[in-house]
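Residues per chain are reported as follows:
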Amino acid sequence: MPLRGAHDRAIPADVRAAYDESLHCNGNGACFNWNPDDAMCPSYKATRDRRHSPKGRAALLRDWLRQLAAEGTDPVAEARRLRRGSGWASFPRRLRNSLARRRGEPDASHAVKEAMDGCLACKSCVGQCPIKVDIPASRAKFLELYHGRYLRPLRDHVVGSIERMAPLMMQMPGLCNAVVGSALGRAGLRAVGLAATPTLSGLNLARELDLRGVRVATPAALDALDAADRARSVVVVQDAFTSAYETRLVLDLLDLIAGLGFRPWLAPYRPNGKPLHVHGFLGRFERVARTNAAMLRELSATGATLVGLDPPMTLTYRAEYAGALDRSELPSVLLVQEWLGRHLDALPTAAEPADYRLLPHCTERTTAAASLPGWQAAFARCGLGLSVLPSGCCGMAGTYGHEAEHRATSERIYGQSWAKHVEEAGATGRLLATGYSCRSQAMLVSGVRLPHPVQILLRHLGAAA
């Protein structure tokens, strides 16, 4: 029987290089991990189906690439054409292919699509696989090609547009929430394939900034400061989800920065692009990333520090942006705990000691594990205890838990690990979560609103003052 390496040599070298995030899988099986309090591959733990593991998905992808090579198709060249061309020009072909799929015409890519659809894109495999297999990156590339041949579901377009629509929705939160909360609105969202849709916070961010005297950052405004003020300027980089759905948390971070003696600023809102990447809109993602990165680099060049609030969105600047842009184009955006770790001396001692527990976002836990002690150091500096609990994925993972066909699996994943932690300590107010999606899931399933560590530090800062 031929060795796997011989099969892989059937895939052209440039194609292997383009998909090296997954083709390096050596079959070690570390992803067959049944520990519910470990983040590695929640979809495998929920299904126990090896197709829905990083190893299974890598094997399917490898076989698909071999078949493309055998039929003389170059997926790298095809991806370039897709990014240059118009989606409308290929619509007739994609429609024909989609109708043929409904008639049952065979295509090996359908099996790959089924396996990739079950991936939460949580990136736990990237942090925990011994050879750092990155299924979400290969998944995005596969979806780009697959939907270059077949029509996308309407839901993909809705999710891909949410960042662009967020500023408009924030201008009319009452109307948007009324529509989403109505029976007709819920039925429409279910028809599109979305479930458990969140509501906007309703706070007017611009008005709240004015009340605090916080300005939107521009290079000109930052350059107008003297060197000392620029060095103490901290620019909070917005993301669509916390700005629109947890506006209070954005304000709490600005208040904490000010309370520690720094000058807070808010970066102009720009789409981050992560939802586009997750769903394989890679041409659009690259354009969004390049525009956003240029704006952030201009702000950083003034000497101000950039800080992101939501871990997976912030880590996008280090992972997905690195795959789309040149190294010189990448912006430097710190996680909150990384920034706090540089300024521990600014933290006051809490009026009363207390102990807290932290459930990090699984992307943060596995791909930025070295940053987590920053939270513990900040709490310890205040005289507070913080233990990082062992846990798996919450099951939400961005939009995965809002997709109707995945909602039941999402709740099953939550029940394997997070549910017990939330049931035990959620009502105490001392169980904390860093991820927007994680807090959303806890509220949806357990009816518990988990605070962010920033809010606890702000509370103790106020008490100490």
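Our subject is the structure that appears above.
About the cut-offs
Residues numbered from 1 in each chain as written. Predicted model: local features only at pLDDT ≥ 70, side-chain atom pairs only at ≥ 80, totals over all residues. Heavy atoms only, no water. Helix = DSSP H or I, 4+ residues; strand = E, 2+ residues; numbered from the N terminus. Buried < 20%, exposed > 50% of the residue type's maximum accessible area, 1.4 Å probe, protein only. Axes fitted to C-alpha atoms, helices over the stretch in contact; angles between N-to-C directions. Parallel < 35°, antiparallel > 145°, perpendicular 65-115°, else oblique. Left-handed = near helix turned anticlockwise from the far one by under 90°. Contact = heavy atoms within 4.5 Å. Arc of directions from axis to C-beta. Phe/Tyr/Trp six-rings, centres within 6.5 Å; stacked < 30°, edge-to-face > 60°. Lys NZ or Arg CZ within 6 Å of the ring centre and 35° of its normal. Patch = residues over 30% accessible without salt bridge, like charges linked within 9 Å, V, L, I, M, F, W, Y side chains within 5 Å. Areas by Shrake-Rupley, 256 points an atom, 1.4 Å probe, with all protein chains shown as cover. Salt bridge = Lys/Arg side-chain N within 4 Å of Asp/Glu carboxyl O. Lys, Arg positive; Asp, Glu negative; His and termini not counted. Charge placed at Lys NZ, Arg CZ, Asp CG, Glu CD. Pairing = 2+ DSSP bridges.

With that settled, consider the environment of Glu 114. By the secondary structure assignment, Glu 114 is in helix α8 (residues 109-117). Under the relative-accessibility criterion, Glu 114 is labelled partly exposed at 44%. Residues Glu 114 and Arg 57, 57 residues apart in the sequence, show an inter-C-alpha distance of 9.7 Å.

The phi angle at Arg 48 is positive, at roughly 55°, despite the residue not being glycine. Inspection of the secondary structure puts Arg 48 in the loop between α4 (42-47) and α5 (54-70). Positive phi, close to 50°, is recorded for Ala 397, a residue that is not glycine.

One way to put it is that helix α14 (residues 205-212) packs onto helix α18 (residues 247-259) with a least axis distance of 11 Å and a crossing angle of 20°. Comparing the axis directions of α14 and α18 gives the class roughly parallel. Read as a crossing pair, α14 and α18 show a hand that is right-handed. Between α14 and α18, the residues in contact are Leu 205, Glu 208, Leu 209 and Arg 212 and Thr 247, Arg 248, Leu 251, Leu 254 and Asp 255, respectively.

Since the α-helix packs 3.6 residues into each turn, any two residues three or four apart lie on the same face. Looking at helix α26 (residues 407-416), one finds that the buried residues are Arg 407, Thr 409, Ser 410, Ile 413 and Tyr 414. Around the axis of α26, the buried residues are gathered within 165° of arc, so they sit on the same side. Here the buried face of α26 lies against α4, α27 (418-425) and α28 (436-446).

Time to look at the packing of aromatic side chains. The final tally for this structure, using the stated rule, is 12 aromatic pairs. Here Tyr 245 and Tyr 436 contribute two aromatic rings whose centre-to-centre distance is 6.1 Å and whose plane-to-plane angle is 25°, an arrangement assigned as stacked. Taken as a pair, Tyr 245 in helix α17 (residues 240-245) and Tyr 436 in helix α28 lie far apart in primary sequence, 191 residues in all. Tyr 436 matches Tyr 245 in its accessibility class, with the two residues each being buried. Among the aromatic residues, those joined into a cluster by ring pairs are Tyr 19, Trp 64, Phe 142, Tyr 146 and Tyr 150. Cation over ring: Arg 50 sits above Phe 32, and NZ or CZ is 4.0 Å from the ring centre. The side chain of Arg 284 reaches across the aromatic face of Phe 281, ending 4.9 Å from its centre.

What follows is about a positive patch on the surface. Judged by side-chain charge, Arg 80, Arg 81, Arg 84, Arg 93 and Arg 96 come together as a positively charged surface patch. With three residues, the single largest contributor to the positive patch is helix α6 (residues 75-84). Checked against the element boundaries, Arg 81 lands in helix α6. Residue Arg 81 is classed as partly exposed on the basis of its relative accessible area of 48%.

Take the sheet that holds strand β1 (residues 215-216) next. Here we have five strands laid out as an open sheet, ordered β1-β3-β2-β4-β5, and parallel in their pairing. At either end of the open sheet lies a strand with only one pairing partner, and these are β1 and β5 (334-335). By the bridge criterion, four bridges tie strand β2 (residues 233-237) to strand β3 (residues 263-266) in an arrangement that is parallel. Counted as the bridge partner of Val 234 is Pro 264 from β3.

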